[in-house]
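Structural features, examined
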Amino acid sequence: MRLIITGANGQVGREFEKTAGFPGLEIIPLARNELDITSRRQVEKTVEALAPGLVVNAAAYTAVDMAEKEPGKAFAVNREGPLNLAEVCRARSVPLIHISTDYVFDGTSRIPYVEDDPASPLGVYGMSKWEGEQAVRNVLDEHIILRVSWVFGVHGSNFVKTMLRIGKERREVRVVYDQHGCPTPAADIAGVILSIAEQICSGRTDAWGTYHYSGLGETTWFHFAQKIFSMADSIVAFSLPVIIPISSTEYPTPAKRPLNSVFDCSRIKAVFGIEQAPWEPGLEAVIRAWKSEE
Ligand SMILES: NC(=O)c1ccc[n+]([C@@H]2O[C@H](COP(=O)([O-])OP(=O)(O)OC[C@H]3O[C@@H](n4cnc5c(N)ncnc54)[C@H](OP(=O)(O)O)[C@@H]3O)[C@@H](O)[C@H]2O)c1
């Protein structure tokens, strides 16, 4: 089966570079300059030319705060893009795996979010991702929407790399302690997608719908930062900054963030047999890669 992946230069997209997937799979990564998902014509031409058996959408506008200033761009990529993909996939009977986010929720729940909890995004990014999900659901039955949270990886920019950079520059780092979530290695997300793809490739047709996946182990950004620095210190002898816990109100951002981003991931386990993996090995891999690039 031929799988095309959009947004191939992103954190998640780049994780498909080194994997062969499974026997019989051919992966064709497409960066933004090879396929701009906001162009209906490009989507049509690409899907027609490559005739994939499955499309994975890892392309997104992910600048959460900038989205408040340029909602047009966010909605073009996060709503119109998935709509284009879903419509073209429907016309050609091709399934679509689309990645979404914990930011579709407002974070006011006191328990982990299940897939059917009502969406209530706090900002433009979350709303654009929610409307992208809805576009996929409304247009194409054969879809998987995979919501993930707190993504970090070797490629691109993310919280882990930001902490490592500013931890080297400053003696003191202030990090919010009241947002709860589960970090998720980009490499593990690619693995989850391939596992779902393999089941679709084997003829699975009873599992379309929305799923949550995150790394195993709830934390806060403050505790995650502590773990990043202590692991960095044990791997590369990092000079540890002082980490000061602050509340979200002490760190105002253009877009509000959910206080609770924790997912209940039991559906993906029950349907696909996919278990949450601890995020610490992914963190170690990012720290080692960061050290080797220094
Ligand atoms: N990052 C997180 O913490 C997080 C958390 C929850 C969910 N998610 C979701 O996880 C998915 C993957 O996120 P990520 O962290 O891998 O994002 P990322 O690193 O920002 O990568 C997104 C990729 O999409 C590309 N792109 C942007 N506009 C495009 C367009 N019009 N056509 C084609 N490609 C386009 C970007 O291209 P350029 O390289 O040219 O900019 C970039 O390579 C997204 O759906 C995101 O919403 C992310």
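1. Some points on the overall build of the protein
Helix and strand content of the protein: nine helices and 12 strands. Taken over the C-alpha trace, the protein has a radius of gyration of 19 Å; the compact-globule value for 294 residues is 19 Å, and the two agree within 12%. The dimensions of the protein, computed from C-alpha atoms along their principal axes, are 55 × 40 × 35 Å. In the protein, of all internal contacts separated by at least 6 residues, the share reaching a separation of at least 24 is 81%.

2. Overview of the packing of helix α3 (residues 71-92) against helix α4 (residues 124-139)
Two numbers describe how α3 lies on α4: the axes approach to 8 Å, and their chain directions differ by 15 degrees. Here α3 lies roughly parallel to α4, going by the angle between them. Judged by the sense of rotation from one axis to the other, the crossing of α3 with α4 is right-handed. Residues Pro 71, Ala 74, Phe 75, Asn 78, Arg 79, Pro 82, Leu 83, Ala 86, Glu 87 and Arg 90 of α3 touch α4, and the partners they reach there are Val 124, Tyr 125, Met 127, Ser 128, Lys 129, Glu 131, Gly 132, Ala 135, Val 136 and Val 139. When grouped by side-chain class, the residues that make up the contact of α3 with α4 number 12 nonpolar, three polar and five charged.

3. Describing the packing of helix α1 (residues 40-50) against α3
Look at α1 against α3: their axes get within 9 Å of each other, and the N-to-C directions meet at 35 degrees. Handedness of the crossing formed by α1 with α3: right-handed. Contact with α1, carried on its side by Arg 40, Val 43, Glu 44, Val 47 and Glu 48, involves Asn 84, Leu 85, Glu 87, Val 88 and Arg 92 of α3 and no other residues of that element. Taken together, the residues of the contact of α1 with α3 sort by class into four nonpolar, one polar and five charged.

4. Focus on the sheet that holds strand β5 (residues 143-148)
A sheet is described by the order of its strands in space; here six strands give the open sequence β2-β1-β3-β4-β5-β10, paired in parallel fashion. The open sheet has two edge strands, β2 (26-30) and β10 (209-213), and neither has a second partner. Averaged over all adjacent pairs, the angle separating strand axes in this sheet is 20 degrees, with direction ignored. Relative to β5, strand β4 (residues 96-101) runs parallel, the two being bridged by six bridges. When the bridges of β5 are listed, His 98 appears paired with Ile 145. Docked against the sheet, α4 engages β4, β5 and β10, running at close to 155 degrees with respect to β4.

5. Structural notes on the site of the ligand
Not every one of the 24 residues close to the ligand is listed here, only the nearest: Arg 32, Asp 36, Thr 62, Tyr 125 and Lys 129. Within the side chain of Asp 36, one N or O atom sits 2.8 Å away from a nitrogen atom of the ligand. One nitrogen or oxygen atom from the side chain of Lys 129 is found 2.7 Å from an oxygen atom belonging to the ligand. In isolation the ligand has 910 Å² of accessible area, and contact with the protein removes 81% of it. Counting only elements with at least two residues in the shell around the ligand, the list comes to β4 and α4. Take the shell around the ligand: its biggest share by element is three residues, from β4.

6. Describing the environment of Ile 4
Following the sequence through the fold, Ile 4 ends up in strand β1 (residues 2-6). The class for Ile 4 is buried, based on a relative accessible area of 0%. For the pair Ile 4 and Asp 102, spaced 98 residues apart in the sequence, the C-alpha separation amounts to 24 Å. If near-sequence neighbours (up to four positions away) are discounted, Ile 4 is found in contact with Ile 28, Leu 30, Val 47, Leu 50, Pro 52, Leu 54, Val 55 and Val 56.

The rules behind each value
- Residues numbered from 1 in each chain as written.
- Predicted model: local features only at pLDDT ≥ 70, side-chain atom pairs only at ≥ 80, totals over all residues.
- Heavy atoms only, no water.
- Helix = DSSP H or I, 4+ residues; strand = E, 2+ residues; numbered from the N terminus.
- Rg over C-alpha atoms; globule rule 2.2 N^0.38 Å.
- Contact = heavy atoms within 4.5 Å.
- Axes fitted to C-alpha atoms, helices over the stretch in contact; angles between N-to-C directions.
- Parallel < 35°, antiparallel > 145°, perpendicular 65-115°, else oblique.
- Left-handed = near helix turned anticlockwise from the far one by under 90°.
- Nonpolar A, V, L, I, M, F, W, Y, C, P; charged D, E, K, R; others polar.
- Pairing = 2+ DSSP bridges.
- Near = heavy atom within 4 Å.
- Polar contact = N/O pair within 3.5 Å; in protein donor to acceptor, adjacent residues only side chain to side chain.
- Areas by Shrake-Rupley, 256 points an atom, 1.4 Å probe, with all protein chains shown as cover.
- Buried < 20%, exposed > 50% of the residue type's maximum accessible area, 1.4 Å probe, protein only.

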